[in-house]
Amino acid sequence: MEAIAVSKDFKIGRGQIVHAVRDVSFNLYRGAVVALVGESGSGKSTAARLLAGQERLTSGTIKLDGKPVEVRRHDDFRRYKSQVQYVFQDPFSSLNPVHTVRYHLERPLKLHHGKGANTDTEVATLMEQVRLTPANHFLVKYPHELSGGQRQRVSFARALAARPTVLLADEPVSMLDVSIRLEMLALLDDLRQRFSLAMLYITHDIASARYFADEVLVMYAGEIVERGPAEEVTQQPAHPYTQLLVASAPDPDNLGSTLRRGANGTRRQGPQQIRAPEQVATAGCPFSPRCPLAEDRCRQEDPALLPITATRGAACWRLDAAAPELVPGLPGGVRTTEN
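Below is a summary of the structure that appears in this document. (Residues numbered from 1 in each chain as written. Predicted model: local features only at pLDDT ≥ 70, side-chain atom pairs only at ≥ 80, totals over all residues. Heavy atoms only, no water.)

Two numbers describe how helix α3 (residues 101-113) lies on helix α6 (residues 148-161): the axes approach to 8 Å, and their chain directions differ by 15 degrees. The angle between α3 and α6 falls in the class roughly parallel. Judged by the twist between their axes, the crossing of α3 over α6 is right-handed. Contact residues: Val-101, His-104, Leu-105, Pro-108, Leu-109 and His-113 in α3; Val-154, Ala-157, Arg-158 and Ala-161 in α6. (Axes fitted to C-alpha atoms, helices over the stretch in contact; angles between N-to-C directions. Helix = DSSP H or I, 4+ residues; strand = E, 2+ residues; numbered from the N terminus. Parallel < 35°, antiparallel > 145°, perpendicular 65-115°, else oblique. Left-handed = near helix turned anticlockwise from the far one by under 90°. Contact = heavy atoms within 4.5 Å.)

The next subject is the side chain of Arg-290. Tracing the backbone shows Arg-290 in the loop between β12 (267-268) and α11 (296-300). Among the residues examined, Arg-290 registers a relative accessible area of 3% and is labelled buried. Polar side-chain contacts of Arg-290 include one of 3.0 Å to the side chain of Glu-39. (Buried < 20%, exposed > 50% of the residue type's maximum accessible area, 1.4 Å probe, protein only. Polar contact = N/O pair within 3.5 Å; in protein donor to acceptor, adjacent residues only side chain to side chain.)

Sheet architecture is open: eight strands sit in the order β6-β7-β8-β3-β9-β10-β14-β13, paired in mixed fashion. Looking along the sheet, the strands with just one partner apiece sit at the ends: β6 (84-87) and β13 (306-307). Here strand β3 (residues 33-37) runs beside strand β9 (residues 215-220); their pairing, made up of four bridges, is parallel. Residue pairing across strands places Leu-36 opposite Leu-217, the latter belonging to β9. (Pairing = 2+ DSSP bridges.)

With that settled, the discussion passes to helix α4 (residues 119-129). Taken together, the buried positions of α4 are occupied by Thr-119, Val-123, Leu-126, Met-127 and Gln-129. The buried residues of α4 occupy an angular sector of 160 degrees when the element is viewed end-on, so they sit on one face. Turned more than 90 degrees away from the buried face of α4 sit Asp-120 and Glu-128, all of them exposed. In the core, the buried residues of α4 are packed alongside α3, α5 (135-139), α6 and α7 (178-195). (Arc of directions from axis to C-beta.)

Turning our attention to the packing of aromatic side chains. Scanning the model with the defined rule gives five aromatic pairs in all. Three or more aromatic residues link up through ring pairs in this structure, and these residues are Tyr-220, Tyr-241 and Phe-287. Positioned over the ring face of Phe-10 is Lys-8, at 5.2 Å from the centre of the ring. Directly above the ring of Trp-317 sits Arg-297, whose terminal nitrogen or CZ lies 3.6 Å from the centroid. (Phe/Tyr/Trp six-rings, centres within 6.5 Å; stacked < 30°, edge-to-face > 60°. Lys NZ or Arg CZ within 6 Å of the ring centre and 35° of its normal.)

Moving on, we come to unusual backbone geometry. Looking along the chain, the bond that leaves Thr-133 and enters Pro-134 is cis, with omega of -5 degrees. Position of Pro-134 among the secondary structure elements: in the loop between α4 and α5. The phi angle at Asp-23 is positive, at roughly 55 degrees, despite the residue not being glycine. Note that Asp-23 resides in strand β2 (residues 17-27). A relative accessible area of 56% places Asp-23 in the exposed class. One non-glycine residue, Glu-171, adopts positive backbone phi at about 45 degrees.

Written out as structure tokens, the structure is:
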């Protein structure tokens, strides 16, 4: 799946417009996980709903297997949903409380693949794939009779019932107990490898993105402010906002919370000096009201995603100060891949 310059605007009272997603581009490949990381309200879920066909694009293009997606008729939408499935954050509200687990799994099988004679076998197989066994013990239960982790496993199984090629997982472990989050991520990883799924993993926890994803996209105020391989972005964040997220993560190896040396060799405090959320800037870099490195240019011009290496980029005019080890000695923090 490919998102090309995707944008979504919402109109609110008195003609005001909220730019929920602004000019976002990324690719999802079979067998790989892309993590979309950011605070609540950064536009992550809106981006996922655009990919799922639940919101209409304001501008941009979405492609599946190289073909532009145009979901206009009900049949088109059903065919598209058979390939692109969405796992919601709250497994309790996303499951119908008046129906059993069996109903939740049989319905997508019938909708997408017809009423086959092997429905019982397929349902049992789905339960085994998400490790809810013995299947007959769980199939007769209602959502309120399951634990949070069990409900989310049913949500995974329901998504797999359509036999998708793309899975959009919107904070799938944030509503679960901390003790089982790693177990659930391991299950998702197993499903991703077993079925060669292209997966978008949405989270506010950059530590889990490091564990689970191949590539990390950091989103703020509807824009991608940093992107790159998960290990590199989480171990050596370049954008001040990414540094804030890393510093906030419960990681004993947290690099963002330590004292770092500025471009002039003096010691300076890292992202813990970044202020709490304020309104997003109406001009310039949207992060500039919170950024301790912001200067006049930051408040006047919104930076594009500037290349750091062939696989990394960050949207910041002050990369020379924010990440001097990545862009040493270059004014404005710009380094091309040729350099």
